[in-house]
Amino acid sequence: MTWINRMISRFGPRAAGINDDNILTPQQKKNSRRLNFWYGGVQGMFFAAICSFHTFLVLYLKSNGYSDFRIGLIMTLMSVIGVISPTLMGYIADFYIPVKVIVIVMMILSIPLAFFVQASIAIFPLALIAILLTGIAEKSMGSVIDSWGMRLRNKHPYLNYGATRGLGSLLYASMALIAGKLYDVAGLDKMFWLHAIVAALCVIAALMLDNVKTSPRKVGQSSFFATVRELLRIRKYTIFLVSMVLHGFSMVVIGTFQPILIANHGGTSVHLGISSFMLAASEVPIMFSATKLLRRFKVESLLTVSFTFAALRLLLTVLAPTLELVIAVQVLQALSFGLYLPALLFYVSLITPDHAQSTAITLATSVGFGLSGITGNFFGGILAENFGVEIVYYIFSFLAVCGLVIFRISQRKPAQTGARI
């Protein structure tokens, strides 16, 4: 067998269990357009809201005299919230309150809470509380909305998660350019009004989207901790959580340390906006192609590629000698995260039981991104303060490589693969 054939056998074909395209009736086509339009609207407006506020929050804090250490502390506590809150929300969505209600209520609350950040910015303890509350109300909704899509996909196979999530990345990218220019001309204080508008649009889209009923509670599965214990007994799920945490360090730099690196290169909010645009826009083609890729290749192989490029993106970013090259390297986000997110969602949905799917997805994403955020922001803040932000990139890229190694070792035993897509 040639090396080409060996490579093809390693990365393809995809395993059995992934649904092929089905011929839709005229009514199903109509329902498909409606469902994908409104779910794409929820994803798009949600990420536009996140971009308009949270992406520029670090710059806003620095413009108000906050030190790198204090910013790192805030982001660390935000990550603590990011571990606990989404998982609880996912569990509630599984068994108590429909996910649609949770998303609508939380996105409505995020609007006044963001204005509370502006009103309290001069008083650190109050500003800290306000920022953490926005984390609970808004940033926690990302994995909840993803779990909403996975459960809708189980009910309506024609929901295209990859394309709708790609729309989220596209609107995030567009908002990064718009907001970066707006804030540079009119001031960062305009972020609160822009956020309010797009958050309200997200609520409108959520109101139009289908609801998903909660699952019946079984004996021994009614408590949150019983459900978490059930999931943690799944060996492949637990090992994957460890790999996700290590991969998550590569994502910490985007929200916390990349703005600092760009500022160190002489960049402004315009350059941060362009960088965020490159990050998000590069994800769009991969997101739109996610369904085809998951049908063509093994889920595990796609995850391997994404782990590899997560480390590579960090290394090339910190080694880039100019601001222009720092921004250009962000296109690698296409494979380091654009491929990673849909692959991990389908992988988790494959190896975990259906009745706890929202809990499984929110636990995986909150632990995977949250624990790395807690340690990454805290120790990264200390490292950046004392040794420079560059050392953070080197250490976090090494941790991403460790995540890749652990994941590949966990795949040595034969396992059924595939996902319901």
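Since the structure is predicted, the reported quantities are computational estimates derived from the model, not experimental observations.

Engineer: Explain the overall build of the protein chain to me, and be specific about the residues and the numbers.
Structural biologist: Each helix and strand counted, the protein chain has 19 helices and zero strands in total. Relative to its 421 residues, the protein chain shows a buried fraction of 58%. Look at the contacts in the protein chain between residues 6 or more apart in sequence, and 87% of them connect residues 24 or more apart.

Engineer: Can you tell me about helix α5 (residues 99–120), naming the residues and giving the values?
Structural biologist: For α5, spanning 22 residues, the distance from its first C-alpha to its last is 31 Å, which sits close to the expected 32 Å at 1.5 Å a residue. Residue I111 marks the point of greatest curvature in α5, where the axis turns by about 30°; the proline P112 follows within four residues.

Engineer: Requested: an account of helix α12 (residues 269–288), with residues and values cited.
Structural biologist: When the terminal C-alpha atoms of α12 are compared, their 29 Å separation across 20 residues agrees well with the 28 Å that a helix rising 1.5 Å per residue should span. Along α12, the residues classified as buried are S269, L272, G273, S275, S276, L279, A280, S282, E283, V284, I286 and M287.

Engineer: Lay out the packing of helix α7 (residues 141–155) against helix α18 (residues 357–387) in plain terms, naming residues and giving numbers.
Structural biologist: When two helices pack together, their arrangement is given by the angle between the helix axes and by the axis-to-axis distance. Their axes nearest at 9 Å, the elements α7 and α18 cross at an angle of 145°. Here α7 runs over α18; the crossing is right-handed. Judged by residue contacts, S143, V144, S147, M150, R151 and N154 of α7 engage Q357, S358, I361, T362 and T365 from α18. Here the contact of α7 with α18 is built from residues that sort into three nonpolar, seven polar and one charged.

Engineer: Could you give an account of the environment of I81, naming the residues involved and the relevant values?
Structural biologist: Tracing the chain through its elements places I81 in helix α4 (residues 68–95). Spatially, the C-alpha atoms of I81 and L132 are 7.2 Å apart, while their sequence positions differ by 51 residues. When near neighbours in sequence (up to four residues on either side) are disregarded, I81 contacts P86, L132, G135 and I136.

Engineer: Tell me about the pattern of salt bridges, and please be specific about residues and values.
Structural biologist: Evaluation of the coordinates by the stated rule reveals two salt bridges. R34 serves as the salt-bridge partner of D210, at 2.8 Å between the closest nitrogen and oxygen. With D210 in the loop between α9 (191–208) and α10 (224–232) and R34 in helix α2 (residues 26–53), the pair connects residues that are 176 residues apart, well separated along the chain. Relative accessible area serves as the criterion here: at 17%, D210 is assigned to the buried category. The salt bridge partner of D189 is K190, with a shortest N-O separation of 3.4 Å. Note on K190: relative accessible area 32%, which makes it partly exposed.

Engineer: Help me get a handle on the confidence of the model for the protein chain, residues and values and all.
Structural biologist: Taken over all residues, the pLDDT of the protein chain has a mean of 80, while the share at 70 or more is 90%. For the protein chain, the element scoring lowest by mean pLDDT is helix α1 (residues 3–11), at 34; α9 scores highest, at 93. Within the model, pLDDT remains below 50 along residues 414–421, and this stretch shows 28 contacts once partners closer than five positions in the same chain are excluded.

Engineer: Break down the side chain of S275 for me, with residues and values.
Structural biologist: Note on placement: S275 falls in helix α12. Residue S275 is classed as buried on the basis of its relative accessible area of 1%. At 3.3 Å, the side chain of S275 forms a polar contact with the side chain of Q258. Not counting chain neighbours up to four residues away, the residues in contact with S275 comprise Q258, I262, I327 and Q330.

Engineer: Go over the packing of aromatic side chains, please, and point to the residues and values.
Structural biologist: Per the stated rule, a full pass over the model turns up 16 aromatic pairs. Relative to F396, the ring of F257 lies with its centre 6.4 Å away and its plane at 80°, an arrangement referred to as edge-to-face. Linking F257 in helix α11 (residues 235–264) with F396 in helix α19 (residues 389–410), this pair joins segments that are 139 residues apart in sequence. Residue F257 is classed as buried on the basis of its relative accessible area of 2%. Here the aromatic residues F240, F307, F337, Y340, Y347 and F407 are joined through ring pairs into a cluster of three or more.

Engineer: Can you explain empty space enclosed by the protein? Please cite residues and give values.
Structural biologist: With the rule as written, the count across this model stands at one cavity of 30 Å³ or more. Reported here for the largest cavity is a volume of approximately 1,200 Å³. Along the walls of the largest cavity sit 47 residues, with F47, I50, K139, M251 and F369 positioned nearest its centre. Sort the elements by how many residues they give to the lining of the largest cavity and α18 lands first, with eight residues.

Engineer: Pulling in residues and values, what's your account of the nonpolar core?
Structural biologist: M141, F257 and L303 are the most contacted members of the largest nonpolar core, which totals 134 residues. Element by element, the count of residues in this core is highest for α11, at 15 residues. When sequence neighbours within four positions are dropped, the list of residues in contact with L303 reads F240, Y340, A343, L344, Y347 and F407.

Cut-offs used in this document
Residues numbered from 1 in each chain as written. Predicted model: local features only at pLDDT ≥ 70, side-chain atom pairs only at ≥ 80, totals over all residues. Heavy atoms only, no water. Helix = DSSP H or I, 4+ residues; strand = E, 2+ residues; numbered from the N terminus. Buried < 20%, exposed > 50% of the residue type's maximum accessible area, 1.4 Å probe, protein only. Contact = heavy atoms within 4.5 Å. Expected span 1.5 Å × (residues − 1). Bend = angle between axes of the 7 residues up to and from the residue. Axes fitted to C-alpha atoms, helices over the stretch in contact; angles between N-to-C directions. Left-handed = near helix turned anticlockwise from the far one by under 90°. Nonpolar A, V, L, I, M, F, W, Y, C, P; charged D, E, K, R; others polar. Salt bridge = Lys/Arg side-chain N within 4 Å of Asp/Glu carboxyl O. pLDDT = per-residue confidence, 0-100. Polar contact = N/O pair within 3.5 Å; in protein donor to acceptor, adjacent residues only side chain to side chain. Phe/Tyr/Trp six-rings, centres within 6.5 Å; stacked < 30°, edge-to-face > 60°. 1 Å grid on protein atoms, 1.4 Å probe; cavity = no way out; pocket = protein on both sides within 12 Å on 5 of 7 lines; lining within 4 Å. Points joined across faces, edges and corners; volume = space filled by probe spheres on them. Core = buried A, V, L, I, M, F, W, Y, C linked by side-chain atoms within 4.5 Å.

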